[in-house]
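An overview of the molecular structure
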Amino acid sequence: MPNKKTTEENRILAEMLEMADALHGHALISKQDMAKMQLICQSPPDYTSEHVTSIRVNKAKVSQSVFASILNVSVSAVQKWESPSSGKHPSGAAAKLLQLIEKKGLEAIVA
């Protein structure tokens, strides 16, 4: 059963996307901005250890310590996410940042 906070967050994201779609329909939001809004409002997937490692190594091409710094988490957190035996997975903001890196590359979050 989803918790109340998750349900509320999903409702808010759905309403934001609906509003953006309406604004896009009236040509008040560009196609590019609409694509960004869809990406922002999309719930991040559940990341496996292999998936996290693949994003870090193949997409971001950085060390665990640099990756941790970019995601604003500890190196230990990244190590646990990448360890199949830990049972730990990124969530919240870290999962959302991983989703952005996976889809748009590191440039999407590092200016």
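Coordinates for the structure precede this section.
In this report, the structure presented in the accompanying data block is examined. No experiment lies behind these values; they were computed from the predicted model shown.

**What to know about a nonpolar patch on the surface**
A surface patch of nonpolar side chains, amounting to about 300 Å² of accessible area, comprises Met19, Leu23 and Leu28. The exposure class of methionine 19 is exposed, given its relative accessible area of 52%.

**Focus: the side chain of glutamate 82**
Mapped onto the fold, glutamate 82 is located in helix H5 (residues 75–82). Of the polar contacts made by the side chain of glutamate 82, one reaches the side chain of arginine 56; its length is 2.5 Å. Of note is the side chain of glutamate 82, whose polar atom sits 2.7 Å from the side chain of glutamine 64. Non-local contacts of glutamate 82, meaning those with residues more than four positions away in its chain, are made with Ser49, Val52, Thr53, Arg56 and Gln64.

**Examining the packing of helix H3 (residues 49–60) against helix H6 (residues 92–104)**
Axes are the key here: two packed helices are described by the angle between their axes and the distance separating the axes. Taken N-terminus to C-terminus, the directions of H3 and H6 make an angle of 45 degrees; their axes are 10 Å apart at the nearest point. The angle between the axes of H3 and H6 places the two elements in the oblique class. Regarding H3 and H6, the two cross each other, and that crossing is left-handed. Residues His51, Val52, Ile55, Lys59 and Ala60 of H3 touch H6, and the partners they reach there are Leu98, Ile101 and Glu102. Here the contact of H3 with H6 is composed, by residue class, of five nonpolar, one polar and two charged.

**A few points about the nonpolar core**
By size, the foremost hydrophobic cluster in this structure holds 16 residues, and its most contacted members are Phe67, Trp81, Leu98 and Ile101. For this core, the element with the highest residue contribution is H6, accounting for four residues. Ignoring sequence-local partners within four residues, the contact set of leucine 98 consists of Tyr47, Val52, Ile55, Phe67, Leu71 and Pro90.

**Observations concerning helix H4 (residues 64–71)**
By the burial criterion, the buried members of H4 are Phe67, Ala68 and Leu71. What you see down the axis of H4 is that its buried residues fit within an arc of 100 degrees, all on one side. Buried residues in H4 make contact with H3, H5 and H6. One or two positions beyond H4, positive phi appears at asparagine 72, with a value near 60 degrees.

Thresholds, definitions, all that
- Residues numbered from 1 in each chain as written.
- Predicted model: local features only at pLDDT ≥ 70, side-chain atom pairs only at ≥ 80, totals over all residues.
- Heavy atoms only, no water.
- Patch = residues over 30% accessible without salt bridge, like charges linked within 9 Å, V, L, I, M, F, W, Y side chains within 5 Å.
- Areas by Shrake-Rupley, 256 points an atom, 1.4 Å probe, with all protein chains shown as cover.
- Salt bridge = Lys/Arg side-chain N within 4 Å of Asp/Glu carboxyl O.
- Buried < 20%, exposed > 50% of the residue type's maximum accessible area, 1.4 Å probe, protein only.
- Helix = DSSP H or I, 4+ residues; strand = E, 2+ residues; numbered from the N terminus.
- Polar contact = N/O pair within 3.5 Å; in protein donor to acceptor, adjacent residues only side chain to side chain.
- Contact = heavy atoms within 4.5 Å.
- Axes fitted to C-alpha atoms, helices over the stretch in contact; angles between N-to-C directions.
- Parallel < 35°, antiparallel > 145°, perpendicular 65-115°, else oblique.
- Left-handed = near helix turned anticlockwise from the far one by under 90°.
- Nonpolar A, V, L, I, M, F, W, Y, C, P; charged D, E, K, R; others polar.
- Core = buried A, V, L, I, M, F, W, Y, C linked by side-chain atoms within 4.5 Å.
- Arc of directions from axis to C-beta.

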